[in-house]
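Results of the structural survey
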Amino acid sequence: MTISYNWLSDYLPEIIEPEKLSRILTSIGLEVESLEKYESIKGGLAGLVIGEVLECIQHPNADKLKLTKVNVGGSEALQIVCGASNVAAGQKVVVATAGTTIWPMVGEPLTMRVAKIRSIESHGMICSEDEIGIGSNHDGIIVLPEDSVVGSPAADYFKPNSDWIYEIGLTPNRMDAMSHFGVARDVCAYLTHHQKEAKPKSPFSNGFKPDNTDHTIKVTIENEEACPRYAGVSITGVTVKESPQWLKDRLTAIGLRSINNIVDITNFILHETGQPLHAFNADAITGAEIIVKNLSEGTKFTSLDERERNLSAEDLMICNAKEGMCIAGVFGGLHSGVKPDTTNIFLESAWFNPVSIRKTSVRHDLRTDAATRFEKGVDISNTVNVLKRAAILIKEIAGGEISSDIVDVYTDPKPKTEITLKNHYLKKLSGKNYHADKIKRILTSLGFEIVREGLDELRIAVPYSKPDITIPADIVEEILRIDGLDNIEIPLTITISPAIEQLGMKESLKDKIADYLVGQGFIEIFTNSITNSKYFDENVLATTVKMINNLSVDLDVLRPSMLETGLEAISYNINRRNHNLQLFEYGKTYFTEEVGKYTEEEHLCLYTTGANQEDAWQIKSRQQDFYRIKGLATAVLALCGLDGIVFSKSEQAGLVLDIFHGKLLLGNLLEVNQQKLQRFDIKQPVFVLDIQFAKLLKAVTKNKITYKEVNKFPVIQRDLAMVVNTTTTYEAIENSVKKVKLNKLSNMRLFDVFESNKLGADKKSMAISFTFSDDEKTLTDKEVDAMVSKLIQGLETELAAEIRK
């Protein structure tokens, strides 16, 4: 929600500094996410002055330059070299003197200094429109009227708009704060409670009075469930033209484009009060009748964006006697809107059912400001007041006459919600004792009405502007946020009931792994679980969960795989010259076999690409490879207490290994294939480890941790180099060694692989270090040699290995 400081201040009883106001807003639950300076003209024309050209002669050293003397209100005229063809003596101009910073329409700001131009000193610059950011014209300097005051600031003449803009992070239930007046009401409630009584300055007045009733439009509501209240008024003889500057300033400050005075007034009222309005061309209302109803399924309707739409039977429409004119509360029609030649208008103010508006808005992909307000719920009691306010503004700005009474169809007025708040309940939830007067003061300042006051309770009527307030806890929340959450007293002792944390082991394991990976230089990422169906083939999409009413064409399915969203993150970083990446993520994938039957799986994914570290004077970087990700997989699983991990070639195409603990498939690791990389415009290898976290947790839970004394006796190492076939894997060697069943063999490690034609055709050398140990004694060389002999015999028999001497 965007709020203008100047606009908000119009409704406050006192001036509050922007930073202080920011703190107040955050403390009452309207969290200020940003506060930024706004200037309609960049730099605000600071330092620029109005001058008068006293003398203008040809520059002695340049044909296209003029040498001028300019009076800027000082004791001496300034000598300024000017290249504009239209500069002449007697002109009133805008001057940037030395030391002034100008902000051009294009490019960086520039600070003026005394400079020599073709050997002649120039003490500033006579400015054109685009040089100071007030326009795009660069044909010549700005020439001001003769009555312009020499020496006065240019800002006093052009009057640029300067403001402070708040971006407020509104929670979905706070529709009452989706307007400047609504925010002002909350600020005044804060001031009333913490300082002195303060009431917001109401924008509504009693000045509404019809000039005649010559253009009364009849209103009929056929669907009162979707539209309980509809009001309107006719205004004739208006002139559609450009809005006055003050109105344009209000709208442009919050990021809205000025269109014309009628449309701008409806937008102004929307952001002032939170009530959407719609202006119809009254001459397009056939039969002088408005009918609020649903049209039949498939009815064609051309909306304001010139797009023909097929209406649903559930879409509420504003119709004339012959056809639909507007999708109620969402979007206008092409043929009934206000045009430059419109002279008569019918102004609508209504309350539409939030559920109906939401469905229609999503169905037609029309996320308008009006729909956003209606779907959250607007103040039904304010419908007519806002309409009168708008009618008075239109008459004042666009001229014309109010040519009807207010037509207000509200057959079944909605009663206010009433809630009973008990004092002990307030104390229980807030942890604080409140005096009854303080409670009433806070609530009445927010618009609540005290219906009845009992010994230990209050009966409270909720204002229509707060439809989210339905239970006593909501009232407590209102009191707390105005009082300030920081003002809640912390008791001297806090008691906690012990409970068994069912997810404790899972979260502890996650933290343990995350800490290790961060220590290895990894960065945790969090990617969107909604992704693009175009990433997957038909076989995968058959079991993929598809989105209904997805907000984006590119985000239409729940991801069936973690890989694609991870590659999006990698591509995003590489495109910003961040090529060396080590990322990890905890996330979920989703599947379905039939409608209404869904499953989700949690994953731990690691992604590596580029170099493993930056070059240093002692260390050279290495490119990430498959062995690095395999080593990380082994290390992570060992960290979880799992040993005996087996990596097996997967049935999937490409370089993919399945990871087993016993017979349990934990996940896989892979090098991403080129076709997939090209899809994401990645031109460097990417390696991925994907572990199904539920299976990992299952394995860890079943694994029994045993403790034993650290071995007091020395270990003995023996290295063997063997020549084997090039197709022989380290896994095959491991399996061969395991068959020998040497209890004293505590570890084996591959430390060298060598290939050469000298070894023979299709041969390679693999060097392995074996570690032997005994928990009860020191091993002798004879014992170790005997075990090594068994190893050699097994390797020669099993793999036809040739031991190198």
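As the structure is a computational prediction, the values presented were derived from the model and not from experiment.

1. Some points on the pattern of salt bridges
Within this structure, the stated rule accounts for 34 salt bridges. Between arginine 174 and aspartate 186 there is a salt bridge, with the nearest N and O atoms lying 2.6 Å from each other. With arginine 174 in the loop between β13 (162-169) and α5 (180-194) and aspartate 186 in helix α5, this residue pair connects regions lying twelve residues apart in the sequence. Using a relative accessible area of 6% as the deciding quantity, one classes arginine 174 as buried. Looking at aspartate 186, the relative accessible area reads 0%, which means it is buried. The partner of glutamate 602 in a salt bridge is lysine 506, and the shortest N-O contact between them spans 2.8 Å. Residue glutamate 602 is found in strand β33 (residues 597-609), and its partner lysine 506 is found in helix α14 (residues 504-519); the two are separated by 96 residues along the sequence.

2. Examining the sheet that holds strand β37 (residues 686-692)
Strand order in this open sheet of seven strands is β29-β32-β33-β37-β36-β35-β34, and the pairing throughout is mixed. Where the open sheet ends on each side, the last strands, each with one partner, are β29 (523-524) and β34 (645-649). As judged from the five bridges shared by strand β36 (residues 664-671) and β37, these two strands associate in the antiparallel manner. Each bridged residue has a counterpart across the sheet, and for leucine 670 the counterpart in β37 is valine 688.

3. Details of a nonpolar patch on the surface
A cluster of nonpolar residues, Ile490, Ile494 and Ile496, forms a patch on the protein surface that exposes about 400 Å² of accessible area. Note that isoleucine 494 resides in the loop between α13 (472-483) and α14. On the basis of relative accessible area, isoleucine 494 is assigned to the exposed category, the value being 63%.

4. Notes on empty space enclosed by the protein
Space left empty within the atom packing is revealed by a probe, the size of a water molecule, rolled over the atoms. Under the defined criterion, the tally for this structure stands at one cavity of 30 Å³ or more. Looking at the largest cavity, its volume works out to about 30 Å³. In terms of lining residues, the largest cavity is bounded by Lys42, Leu45, Ala46, Leu48, Thr101, Ile102, Trp103 and Ile132.

5. Digging into the confidence of the model for the chain
Across the chain, pLDDT averages 92, with 99% of residues at or above 70. Element-level mean pLDDT values for the chain span from 88 in β34 up to 97 in strand β15 (residues 229-236).

6. A short note on the sheet that holds strand β27 (residues 449-453)
Taken together, the three strands give an open sheet; going across it, the order is β26-β28-β27, and neighbouring strands pair in antiparallel fashion. The two strands at the open ends of the sheet, each matched to only one other strand, are β26 (418-422) and β27. Put simply, the sheet's adjacent strands are angled 30 degrees from each other on average, direction ignored. Summarising the sheet, β26 and strand β28 (residues 457-461) pair through five bridges and their orientation is antiparallel. Note on β28: the bridge partner recorded for isoleucine 419 is isoleucine 460. Contacts from helix α11 (residues 423-430) reach β26 and β28 within the one sheet, and its direction differs from that of β26 by about 75 degrees.

7. Topic: unusual backbone geometry
A positive phi is found at aspartate 365, a non-glycine position, where the angle reads about 55 degrees. Counting through the fold element by element, aspartate 365 comes out in the loop between α8 (354-363) and α9 (369-376). Positive phi values are uncommon outside glycine, yet lysine 741 reaches one of about 55 degrees. Inspection of the secondary structure assignment puts lysine 741 in the loop between α20 (730-740) and β39 (745-755). Residue classification places lysine 741 among the exposed positions, given a relative accessible area of 67%.

Reading the values: rules and limits
- Residues numbered from 1 in each chain as written.
- Predicted model: local features only at pLDDT ≥ 70, side-chain atom pairs only at ≥ 80, totals over all residues.
- Heavy atoms only, no water.
- Salt bridge = Lys/Arg side-chain N within 4 Å of Asp/Glu carboxyl O.
- Helix = DSSP H or I, 4+ residues; strand = E, 2+ residues; numbered from the N terminus.
- Buried < 20%, exposed > 50% of the residue type's maximum accessible area, 1.4 Å probe, protein only.
- Pairing = 2+ DSSP bridges.
- Patch = residues over 30% accessible without salt bridge, like charges linked within 9 Å, V, L, I, M, F, W, Y side chains within 5 Å.
- Areas by Shrake-Rupley, 256 points an atom, 1.4 Å probe, with all protein chains shown as cover.
- 1 Å grid on protein atoms, 1.4 Å probe; cavity = no way out; pocket = protein on both sides within 12 Å on 5 of 7 lines; lining within 4 Å.
- Points joined across faces, edges and corners; volume = space filled by probe spheres on them.
- pLDDT = per-residue confidence, 0-100.
- Axes fitted to C-alpha atoms, helices over the stretch in contact; angles between N-to-C directions.
- Contact = heavy atoms within 4.5 Å.

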